[in-house]
Amino acid sequence: MKKAAAVAEWCDAGGRELAPEAVGKEEEGSEEEEVSSSASHGKLYEAYNELHGLAQDLETPFDAPAVMVVGHQTDGKSALVEALMGFQFNHVGGGTKTRRPITLHMKYNPSCVVPVCRLVFDADPSVSGRMSLPEIQAFIEAENMRLESDPCQFSEKEIIIRVEYKNCPNLTIIDTPGLIIPAPGRRNRILQGQARAVESLVRAKMQHEEFIILCLEDCSDWSNATTRRIVMQVDPELSRTVIVSTKLDTKIPQFARASDVEVFLRPPACTLDGFLLGGSPFFTSVPSGRVGSQNDAVYRSNEEFRKAICLREIEDISSLEEKLGRSLSKEERSRIGVSSLRSFLEELLQKRYLDSVPLIIPLLEKELHSTTRKLRDINQELSNLDETKLKEKGRAFHDSFVTKLSLLLKGTVVAPPDKFGETLLDERTLGGTFTGTDGIQLPHKMMPNAGMRLYGGAQYHRAMAEFRLIVGAVKCPPITREEIVNACGVEDIHDGTNYSRTACVIAVAKARDTFEPFLHQLGFRLLYILKRLLPIAMYLLQKDGEYLSGHEVFLRRVETAFNNFAESTERSCRDKCMEDLVSTTRYVTWSLHNKNRAGLRHFLDSFAGSEQLNTSSTTSGVQQEPHMGLNDSKIDRLKTDPNPNNLTAETRLADLLDSTLWNRRLAPSSERIVYALVYQIFHGIKEHFLVSTELKFNCFFLMPVVDKLPALLREDLESAFGDDLDHIFDITQLRHLLGQRRCESEIELKRLQRLKGKFREVNEHLSSSICI
């Protein structure tokens, strides 16, 4: 009986924890004052609850104060939320029980003997349905099951529940998923991924400056900042954070000395840096056990659960005083128990509400004007769904689009380079690289402007400069002796060797194999750069207000026509370049292919001098071995004039021809002549390929964008207008979408008007109260 009396007395001290019987024993004046105070603030709480829902649904920048609960799994987060509410509604225990944030708009209503709960529907946030506690619990469990099998595992979209109850405080509390501390190692990578997802979700929620952060710590040593570590990343000074030490009843027995309890209740400033809301931590205990009629239920009703919370507070204070050997001060008592925390949060939130009321009305007014303007634009769009007007809009879009493309090629800085520009490394990754047959790439740092983020004409010019630099540095591939011998073959009228023909055969084959891949790579790269103009042009159109929003079919047709034009133009240009490469590598014209005649003449002059020496040494060797690679006529000449120094120029020329044309034994002199001719022909083909390819891509790929694309797009546009205008602009679908947007805007407008009226009424009431 004494314990029951103590519980009743303690509940009376908790303000709204008064039981109905106790309320009746209070003086009538006090009761009327409480009811009057509750009624005066009822509209305020109702308005802010609706404002919070509007801010979530419409993503509007309203500062709707709320208490956001942050803690790790098994910190007692959901249990504390239930204790603050005065009834149980969710799963409590180990593991992840909350996969979506749960927003609880709690409102004190003395007439509600049992909790009256309304769940805001995800499909239509303006509509809520009344549900029982078991139904809400089943809904939350179903959402957890759904998200558990979802790849994302968690969702930042809130489950919004409105609650009215005689034991509820006037609070808005957001219960977030519990933070996870996973074990290291690859074996726990799934849990590590979940931990990152939860932390990212919680951090994003904490970014809202209007939220009061309820930071839960389950530790007996304040040096361990498990939850504070994450909270302080968003709120470094803890200026909007209330720290709560949970599970106080399990910590008190751990302290051996009174001094340990003193440090725990009053942590030194060096341990808890910053400026805590309330000045120091709160300490709470929530009794274990669930409410229900099952055999394993501990409490038969929420009243029993609430009284168990009050009893737990009494026992915690008694245990602390026993450990300390003294009575707790009034200030210390104000930090112990769920009821103290609830009163503090309610007063803090109420103060935030009152301070924010004058600031909310201008924001609502601004949003009201914005929504009205949006509704007017929608009605204007609906009235413009006329064939003549749609054709005019399509032609105007065509002209603006072509103008933007021309502007991008000529050069502009309107489009931000950090969003649309690409460095050379990015361009190579997405548009391909210039790679020869040896597979070696030129380091991108060697290219001018390689690190700059370019687009449009500047990017086209850089790509062409890279092509010139890389192809211009290409050297003739190595030539083997086997290739020379195979290229000699047999003539149709004699069995001599024609080394000029041999050099041509080798040179054109090497050139064709070397330069053809570069041609395809250039076409692919420049086509990629050209196609990038489309999204940049659309951005410029949106920026200038010339974009046709809502006409997706029309825009897709323009996109398809542009891409088809770009691909066909690139293919046609590449074919022209390919024809030129084929003609250059099919028939050798010495005036074209042998550009460096002076170099070749110098080489042959030096070759003739060295050949004279080789001939002298050869003749001396021939005296010993007369049949080693020489024909009879040459042997006869050597026998006639044994002195090599007396050989005439004609004789030396005959010897040169003998060793190069009439002899199939590949002497060094013949090999050197073939090398020289191949290199000169290859160099001439390369020079011609570079000049002609760049010229053709400029004339037949770049210029058609300026002089042919506008006419082609206009022709395609007029053809579409004549075929099926309704299909091109998707008038039926667009009218349906605009009608839906108009309906949503009208609902939003009504919500804003209603909310503005509520806040204006609250503000007028507060102003009149101050005047009185």
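The present account deals with the structure reproduced in this document. Residue numbers here run from 1 along each chain, matching the order of that chain's written sequence. Under the rules for a predicted model, residues below a pLDDT of 70 receive no local features and side-chain atom pairs below 80 are neither given nor counted, while totals for whole chains, interfaces and linings still include all residues. To obtain the side-chain values, all non-hydrogen atoms of the structure were used and water was disregarded.

Note on conventions: DSSP H or I runs of at least 4 residues are helices, E runs of at least 2 residues are strands, and numbering of each starts at the N terminus. Tallying secondary structure elements over the protein chain gives 28 helices and 9 strands in all. Taking all 772 residues of the protein chain together, the buried fraction comes to 46%. The contact criterion used throughout is that any non-hydrogen atoms of two residues lie within 4.5 Å. For the protein chain, restricting intrachain contacts to residue pairs at least 6 apart in sequence, the fraction spanning at least 24 positions comes to 80%. All accessible-area figures derive from a Shrake-Rupley calculation using a 1.4 Å probe, and residue coverage is judged against the displayed protein chains alone. Accessible area for the protein chain stands at about 39,000 Å²; split by element, carbon and sulfur atoms hold 53% of it. Buried means the residue's accessible area, taken with a 1.4 Å probe over protein chains only, is under 20% of the maximum for its type, while exposed means over 50%, and partly exposed covers the values in between.

Once that is clear, we can look at helix α15 (residues 424-431). For α15, the complete set of buried residues consists of L424, E427, R428 and G431. For α15, the arc enclosing every buried residue in end-on projection is 100°, short of the 170-degree limit, so these residues lie on one face. Facing away from the buried surface of α15 by more than 90 degrees, the exposed residues are T429 and L430. Note on α15: the residue one or two positions beyond its end, G432, has a positive phi of about 90°. Directions are taken from the helix axis to each C-beta atom, and the arc is the one they span.

Our next topic: the pattern of salt bridges. A pair is scored as a salt bridge if a Lys or Arg side-chain nitrogen falls within 4 Å of a carboxyl oxygen belonging to Asp or Glu. The full count for this structure, using the stated rule, is 33 salt bridges. The closest approach of N and O atoms between E331 and R266, which form a salt bridge, is 3.9 Å. Taken as a pair, E331 in helix α11 (residues 330-333) and R266 in the loop between α9 (258-265) and β9 (282-283) lie far apart in primary sequence, 65 residues in all. When the shortest N-O distance is used, the salt bridge between D399 and R714 registers 3.0 Å. One end of the pair, D399, is in helix α13 (residues 387-410); the other, R714, is in helix α26 (residues 709-723), with 315 residues separating them in the sequence. Using a relative accessible area of 39% as the deciding quantity, one classes D399 as partly exposed. Note on R714: relative accessible area 28%, which makes it partly exposed. Each of E262, R266, R326, E331 and E332 takes part in a single network of salt bridges with overlapping partners.

As a further point, take the environment of A396. Residue position: A396 is located in helix α13. Between the C-alpha atoms of A396 and E546, which are 150 residues apart in sequence, the distance is 8.3 Å.

A few words now on helix α17 (residues 481-488). I484, A487 and C488 are the residues of α17 that are buried. Projection of α17 onto a plane perpendicular to its axis shows the buried side chains occupying an angular sector of 105°, all on one side. For α17, the exposed residues lying more than 90 degrees away from the buried face are E482 and N486. Each element contacted by the buried residues of α17 is listed here: α18 (499-531) and α25 (668-707). Positive backbone phi, at 65°, marks G489, one or two positions downstream of α17.

Each pair of aromatic rings taken from Phe, Tyr and Trp, with Trp reduced to its six-membered ring, is defined by centres within 6.5 Å and is described as stacked if the planes are under 30 degrees apart, edge-to-face if over 60, and tilted in the remaining cases. What the rule picks out here adds up to 16 aromatic pairs. Taking 5.1 Å as the distance between ring centres and 55° as the angle between the ring planes, the aromatic pair formed by F264 and F283 counts as tilted. Taken together, the residues F264 in helix α9 and F283 in strand β9 connect sequence positions 19 residues apart. Each member of the pair, F264 together with F283, is buried. Residues F434 and F467 carry aromatic rings whose centres are separated by 5.7 Å and whose planes lie at 65° to one another, so their mutual orientation is edge-to-face. Of this pair, F434 sits in the loop between α15 and α16 (457-472) while F467 is found in helix α16, placing the two residues 33 residues apart along the sequence. As far as burial versus exposure is concerned, F434 and F467 are alike and both buried. Connected via pairs of aromatic rings, a cluster forms that spans F434, F467, F515, F682 and F689. In this structure, R335 is placed above the aromatic ring of F344, and the distance from its NZ or CZ to the ring centre is 5.9 Å. Charge over a ring is defined by NZ of Lys or CZ of Arg lying within 6 Å of the ring centre and within 35 degrees of the ring normal. Looking at K576, its charged tip hangs above the ring of F700, at a distance of 5.1 Å from the centre.

Counting 74 residues, the largest nonpolar core has F397, F401, F467, F515, L526 and F697 as the members making the most contacts within it. Of all elements in the fold, only α13, α16, α17, α18, α19 (533-543), α20 (552-584), α25 and α26 reach the threshold of two or more residues within this core. No other element matches α18, which puts 16 residues into this core. Excluding anything up to four places from it in sequence, F397 contacts M538, L541, E546, Y547, L548, F554, L555 and V558. The criterion is simple. A nonpolar core is a set of buried Ala, Val, Leu, Ile, Met, Phe, Trp, Tyr and Cys residues joined through side-chain atoms within 4.5 Å.

The subject of this paragraph is the packing of α16 against α25. Here an axis means a line fitted to C-alpha atoms, over the contact stretch when the element is a helix, while the angle between two N-to-C directions is reported on a 0 to 180 degree scale. Contact geometry for α16 and α25: axes closest at 10 Å, N-to-C directions at 165°. Put simply, α16 runs roughly antiparallel to α25. Considering how the two elements wind past one another, α16 and α25 form a crossing that is right-handed. Counted together, Y460, M464, F467, R468, V471 and G472 of α16 and K686, F689, L690, T693, E694, F697, N698, F701 and L702 of α25 form the full contact between these two elements. Nonpolar residues are Ala, Val, Leu, Ile, Met, Phe, Trp, Tyr, Cys and Pro. Charged residues are Asp, Glu, Lys and Arg, and all others, Gly as well, are polar. Of the residues that constitute the contact of α16 with α25, the class distribution is 9 nonpolar, 3 polar and 3 charged. Any angle that is under 35 degrees is reported as roughly parallel, and any over 145 degrees as roughly antiparallel; angles of 65 to 115 degrees are reported as roughly perpendicular and all others as oblique. Helix crossings are classified by the rotation of the near helix relative to the far one: an anticlockwise turn of less than a right angle makes the crossing left-handed, while a clockwise turn makes it right-handed.

The next thing to look at is the sheet that holds strand β4 (residues 128-131). At least two bridges found by DSSP between two strands is the condition for calling them paired. If you trace the 9 strands from one edge of the open sheet to the other, you get β4-β3-β5-β2-β6-β1-β7-β8-β9, paired in mixed fashion. Edge positions in the sheet fall to β4 and β9, since each of these pairs with one other strand and no more. Lying on the sheet, helix α4 (residues 77-85) is in contact with β1 (66-70), β2 (102-108), β5 (159-165), β6 (171-175), β7 (211-217) and β8 (241-245); it crosses β6 at an angle near 165°. Across the face of the sheet, helix α6 (residues 189-206) comes into contact with β1 and β7 while running at roughly 155° to β1.

Between α15 and α18, the shortest axis-to-axis distance is 10 Å and the interhelical angle comes to 110°. The angle between the axes of α15 and α18 places the two elements in the roughly perpendicular class. Contacts from L424, E427, R428, L430 and G431 of α15 reach α18 at F524, R525, Y528 and I529. In the contact of α15 with α18, the residues fall into 5 nonpolar, 1 polar and 3 charged.

Here we take up empty space enclosed by the protein. A pocket, in this scheme, is an open set of points on a 1 Å grid over the protein atoms alone with protein on both sides within 12 Å along at least 5 of 7 lines, while a cavity is a set where a 1.4 Å probe fits but cannot get out; residues line either one if an atom lies within 4 Å of a point. Grid points are joined across faces, edges and corners, and a volume is the space filled by probe spheres set on the points. Overall, the coordinates contain 4 cavities of 30 Å³ or more when judged by the stated rule. Counting only elements with at least two residues in the lining of the largest cavity, the list comes to α13, α20 and α26. Within the lining of the largest cavity, the residues separate by chemical class into 8 nonpolar, 1 polar and 2 charged.

Bringing the pairing of β2 into the picture now. Counting buried positions along β2 yields 7 of 7 residues, so the element is predominantly enclosed. Of the two faces of β2, the one lined by I102, L104, M106 and Y108 and the one lined by T103, H105 and K107 are each fully buried. Where β2 meets β5, 7 bridges bridge the pair, whose relative direction is parallel. Bridging across to β5, T103 finds its partner in I160. Here β2 pairs with β6 via 5 bridges, running antiparallel. Of the residues in β6, the one forming a bridge with L104 is I173.

Turning to unusual backbone geometry, a few remarks are in order. In this structure, T74 takes a positive phi of about 70° despite not being glycine. For T74, the location among the structural elements is in the loop between β1 and α4. Taking relative accessible area as the criterion, T74 reaches 47% and is therefore assigned partly exposed. One non-glycine residue, N449, lies in the positive phi region at around 60°.

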